[in-house]
Amino acid sequence: MESDFYALVEKRQSCRDYDATREVEEAKIQRILEAGRLAPSACNSQPWHLIAVTQPQLLNEMADALASMGMNRWASQARAFIVIVQEQPNFTAWLGGWIKNKHFPLIDCGIVASHITLAATQEGLGSCILGWFDEKRVKRMLAIPRSRRVLMVVSLGYSNEEHRTHNRRDIESIASFNRY
Ligand SMILES: Cc1cc2nc3c(=O)[nH]c(=O)nc-3n(C[C@H](O)[C@H](O)[C@H](O)COP(=O)(O)O)c2cc1C
C-alpha cells in the first residue's frame, strides 16, 4: 500500500553516526517537540517534560553523561538532544494505573519518544533513543529536580548512515489474529 506514513516508519532507524559539522535548525526542533506534545497519554495526563539541548557546552556534557562502558560513544557527534523527563500523572491516570496495576507514565513517555523519532525522520534527521546514561549527571546539568526520572534521551543530527533493512522477528511470531 502506498503511504507516506508507512514509508516514514520504514525509513526511521537508530542513527549512531552524525555529521558533527551540520547544525540542526531550531525550527525543526520546534516541530519535533510539537509532535511530542501531541502524543496520546492515559487520561490525557501528559506526564512528561521535554528539554531540547542545543548549547555547545551542554552538548559536550550530555555526550559525556551518555557514554560509559563502551556504550553511546558516538553521542558526541549528535547536534541536539531531547531529554524526556517523566512527570507525575494526573489523578485519574494515577488511580486507573493503581487499580489496573499499570504504570501509565512509562507507556506515555515511550509513545512520546516514538512521535519524536518519527518526526525527526520526517524532518530529514537521524535520531536514536537512548536509555543508557548517567541519570544523576543529566539531572544536575539540566537543573531537573531530584524527584523526577529521566527516562530517555533522543539524539538528533544529520545522519551519515545508509538506510538498513530492519532486523525484526517475523510477523507470524509477534502478531496473530483472534487469539494468542
Ligand atoms: C527504550 C530504548 C532505549 C534505547 N537505548 C539505547 C542506547 O542507550 N544506546 C543505543 O545505541 N541505542 C539505544 N536504543 C536503540 C535500540 O537499540 C534500537 O531501537 C533497536 O536496536 C532497533 O533498531 P532501530 O531503531 O535501528 O530500528 C534504545 C531504544 C529504546 C526503545
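Here, the structure is the one placed above.
Cut-offs and rules
Residues numbered from 1 in each chain as written. Predicted model: local features only at pLDDT ≥ 70, side-chain atom pairs only at ≥ 80, totals over all residues. Heavy atoms only, no water. Helix = DSSP H or I, 4+ residues; strand = E, 2+ residues; numbered from the N terminus. Rg over C-alpha atoms; globule rule 2.2 N^0.38 Å. Buried < 20%, exposed > 50% of the residue type's maximum accessible area, 1.4 Å probe, protein only. Contact = heavy atoms within 4.5 Å. Areas by Shrake-Rupley, 256 points an atom, 1.4 Å probe, with all protein chains shown as cover. Salt bridge = Lys/Arg side-chain N within 4 Å of Asp/Glu carboxyl O. Near = heavy atom within 4 Å. Polar contact = N/O pair within 3.5 Å; in protein donor to acceptor, adjacent residues only side chain to side chain. Nonpolar A, V, L, I, M, F, W, Y, C, P; charged D, E, K, R; others polar. Pairing = 2+ DSSP bridges. Axes fitted to C-alpha atoms, helices over the stretch in contact; angles between N-to-C directions. Parallel < 35°, antiparallel > 145°, perpendicular 65-115°, else oblique.

Engineer: What is the right way to read the overall build of the protein from this model?
Structural biologist: The number of helices and strands found in the protein is seven helices and four strands. A compact globule built from 180 residues would reach a C-alpha radius of gyration of about 16 Å, and the protein, at 17 Å, matches this within 12%. Counting the 180 residues in the protein, one finds 41% classified as buried. Within the protein, counting contacts between residues at least 6 apart in sequence, those at least 24 apart form 79% of the total. Summed over its atoms, the accessible surface of the protein is roughly 11,500 Å², and 51% of this surface lies on carbon and sulfur atoms.

Engineer: Hey, could you run me through the pattern of salt bridges in this one?
Structural biologist: Side chains that differ in sign of charge can pair as their charged atoms come close. This model, assessed by the stated rule, comprises seven salt bridges. For R137, the salt bridge is made with D64, and the minimal N-O distance between the two is 3.7 Å. Of this pair, R137 sits in helix 6 (residues 135-142) while D64 sits in helix 3 (residues 56-66); the two residues are 73 residues apart in sequence, bridging distant segments of the chain. Between K139 and E135 there is a salt bridge; the shortest N-O distance is 3.9 Å. Here the residue K139 and the residue E135 both occupy positions in helix 6, the gap between them amounting to four residues, near one helical turn. Side by side, K139 and E135 carry an identical accessibility label, which is buried. Here the salt bridges do not stand alone but share partners, grouping E135, K139 and R149 into one network.

Engineer: I would appreciate a short explanation of the site of the ligand in the present structure.
Structural biologist: Taken together, 15 residues lie near the ligand, and S14, R16, N72, G131 and R168 sit nearest. Separating an oxygen atom of the ligand from a backbone N or O atom of W132 is a distance of 3.2 Å. Contact with the protein chains covers 63% of the free accessible surface of the ligand, which is 620 Å². Within the shell around the ligand, the residues separate by chemical class into six nonpolar, five polar and four charged.

Engineer: Help me understand unusual backbone geometry, please; the structure alone is not making it clear to me.
Structural biologist: Backbone phi values are negative for most residues with the exception of glycine, while trans is the configuration of most peptide bonds. Even without glycine at this site, M69 takes up a positive phi of about 50°. Relative to the elements of secondary structure, M69 occurs in the loop between helix 3 and strand 2 (80-86). What makes M69 exposed here is its relative accessible area of 76%. Unlike most non-glycine residues, A143 shows phi in positive territory, near 60°.

Engineer: What am I meant to see in the sheet that holds strand 1 (residues 48-53) here?
Structural biologist: In a beta sheet, neighbouring strands pair by backbone hydrogen bonds and run either parallel or antiparallel. One open sheet accounts for four strands, arranged 1-2-4-3; its pairing is antiparallel. The open sheet terminates on both sides in strands that have one partner only, identified here as strand 1 and strand 3 (126-130). Strand-to-strand twist in this sheet, taken as the mean axis angle between neighbours without regard to direction, amounts to 20°. Here strand 2 pairs with strand 4 (residues 149-157) via seven bridges, running antiparallel.

Engineer: Got a minute to help me understand the packing of helix 1 (residues 4-11) against helix 5 (residues 104-122) in this structure?
Structural biologist: Between helix 1 and helix 5, the shortest axis-to-axis distance is 9 Å and the interhelical angle comes to 100°. In terms of orientation, helix 1 and helix 5 fall into the roughly perpendicular class. For the pair formed by helix 1 and helix 5, the contact residues are F5, L8, V9 and K11 on the first element and L118, T121 and Q122 on the second.

Engineer: I'm lost on helix 6 in this one. Help?
Structural biologist: Where helix 6 is concerned, the buried positions are E135, V138, K139, M141 and L142. On the buried face of helix 6, the contacting elements are strand 1, helix 3, strand 2 and strand 4. Where helix 6 ends, the next residue or the one after it, A143, has phi of about 60°, a positive value.

The values reported here are purely geometric and, on their own, carry no functional implication.
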